[in-house]
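Reading the structure
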Amino acid sequence: MIAVVSYGVCNVGSILNMLRKVGAPAEAVSAPSGIERAEKLILPGIGAFDNGMNALTDRGLADPIRARARQNTPVLGICLGMQLLSEGSEEGVLSGLGLVKGRCLRFPVSADPQLRVPHMGWNVLSPRRESLLLNGLGRDARFYFVHSYHLACHEAADVLATAQYGVEFTAMVQRDNVWGAQFHPEKSHKYGMALLRNFASL
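What comes next is a walk through the structure. (Residues numbered from 1 in each chain as written. Predicted model: local features only at pLDDT ≥ 70, side-chain atom pairs only at ≥ 80, totals over all residues. Heavy atoms only, no water.)

Looking at the sheet that holds strand S5 (residues 88-89)
Worth spelling out the cut-off: Only strands joined by at least two bridges in the DSSP assignment are considered to pair. Numbering goes from the N terminus for both helices and strands, where a helix is a DSSP run of H or I of at least four residues and a strand is a run of E of at least two.
What the 3 strands build is an open sheet, ordered S5-S6-S10; its pairing is mixed. At either margin of the open sheet sits one strand with a lone partner, and together these are S5 and strand S10 (149-153). Alignment of strand S6 (residues 102-106) against S10, held across 5 bridges, turns out to be antiparallel. Looking at S10, one finds that Leu105 is bridged to His150.

What follows is the structure, encoded as structure tokens:
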């Protein structure tokens, strides 16, 4: 069973609907017991970094997520959820989950009027290495992004894929059994469906 972590700062329904379409058993969980019995975890999220960490901590979910990740449970962070996997963010003062070494940085201000922050729209990924999560995704695979901050990894080996928005930024990470996607697979049509199917089949 895939547990989709519901902690008040995410759209769990869209992710559950997409998982149903790919035939993956899943449920929303909002208590430590749900995380502890899950076979896989998805940590979605929208909004500000500190709000997300406070929501996880207040519900007693941060430590169980860390524990399951360290027990080799597959974990996928989506959008803010990917950023929360890191050590921290310029957006706030709180520490992240610390599962991926790095900090989140705001996109630089650009003189190009087409490069507004937040970055909203479709981008093609540039894979940096092979991963089961990317199986079957062709070069034309596009994903939908909405974010103002991006994760700068301290270790290049953790960068799974990049994308371009004025600068090259980390679009996906992988550190052992922990993955992150800065984009929204649940809003990315057939490409997002393929990625979630790959995660479900790990």
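From this point, things continue past the structure.
Topic: the packing of aromatic side chains
Going by this rule: Aromatic contacts are taken between Phe, Tyr and Trp rings whose centres are within 6.5 Å, Trp giving its six-membered ring; a plane angle under 30 degrees counts as stacked, one over 60 as edge-to-face, and the others as tilted. We call a residue buried when its accessible area falls under 20% of the maximum for its residue type, exposed when it is over 50%, and partly exposed in between, using a 1.4 Å probe and counting protein chains only.
In total, this model carries 8 aromatic pairs according to the counting rule given. Note on Phe107 and Phe169: the rings are 5.3 Å apart at their centroids and 85 degrees apart in plane angle, and the pair reads as edge-to-face. Placement of the pair is Phe107 in the loop between S6 and strand S7 (119-124) and Phe169 in strand S12 (residues 167-175), with a sequence separation of 62 residues. Each member of the pair, Phe107 together with Phe169, is buried. Between the aromatic rings of Phe145 and Phe169, the centroid separation amounts to 5.6 Å while the plane-to-plane angle is 90 degrees, which identifies the pairing as edge-to-face. With a gap of 24 residues between them, Phe145 in strand S9 (residues 142-147) and Phe169 in strand S12 connect regions that are remote in the sequence. Taking relative accessible area as the criterion, Phe169 reaches 2% and is therefore assigned buried. Through pairs of rings, three or more aromatic residues link up here, namely Phe107, Phe143, Phe145, Tyr165, Phe169, Phe183 and Tyr191.

Looking at the state of the cysteines
Which entries qualify depends on this criterion: Note on terminology: disulfide denotes any pair of cysteine sulfur atoms within 2.5 Å.
For the structure shown, the criterion picks out 0 disulfides. The cysteine Cys10 is free of any disulfide, with Cys79 supplying the nearest cysteine sulfur at 11 Å. Accessibility expressed as a relative area gives 18% for Cys10, which makes it buried. The closest cysteine sulfur to the non-disulfide-bonded Cys79 is located on Cys104, 10 Å from its own sulfur.

Points about the layout of surface pockets
This is how it is decided: Using only the protein atoms, space was sampled on a 1 Å grid; points where a 1.4 Å probe fits but cannot get out form cavities, open sets with protein on both sides within 12 Å along at least five of seven lines form pockets, and lining residues are those with an atom within 4 Å of a point. Grid points are joined across faces, edges and corners, and a volume is the space filled by probe spheres set on the points. Here the term charged refers only to Asp, Glu, Lys and Arg, the term nonpolar to Ala, Val, Leu, Ile, Met, Phe, Trp, Tyr, Cys and Pro, and the term polar to all other amino acids, Gly among them.
Put simply, the largest pocket is a space of about 160 Å³. Lining the largest pocket, in full, are Ile46, Gly47, Cys79, Leu80, Gln83, Glu91, Pro118, Val146, His147, Ser148, Tyr149 and His184. Elements supplying a minimum of two residues to the lining of the largest pocket: helix H5 (80-84) and S9. In the lining of the largest pocket, the residues fall into 6 nonpolar, 5 polar and 1 charged.

Let's talk about the pattern of salt bridges
Here is the rule: The salt bridge criterion pairs a side-chain nitrogen of Lys or Arg with a carboxyl oxygen of Asp or Glu, the two atoms within 4 Å.
In this structure the tally under the stated criterion is 6 salt bridges. Residue Asp158 is joined to Arg175 by a salt bridge in which the shortest nitrogen-to-oxygen separation is 2.9 Å. Within this pair, whereas Asp158 is found in the loop between S10 and strand S11 (159-165), its partner Arg175 is found in strand S12, the two being separated by 17 residues in sequence. Each of Lys101, Glu155, Asp158 and Arg175 takes part in one network of salt bridges that share partners.

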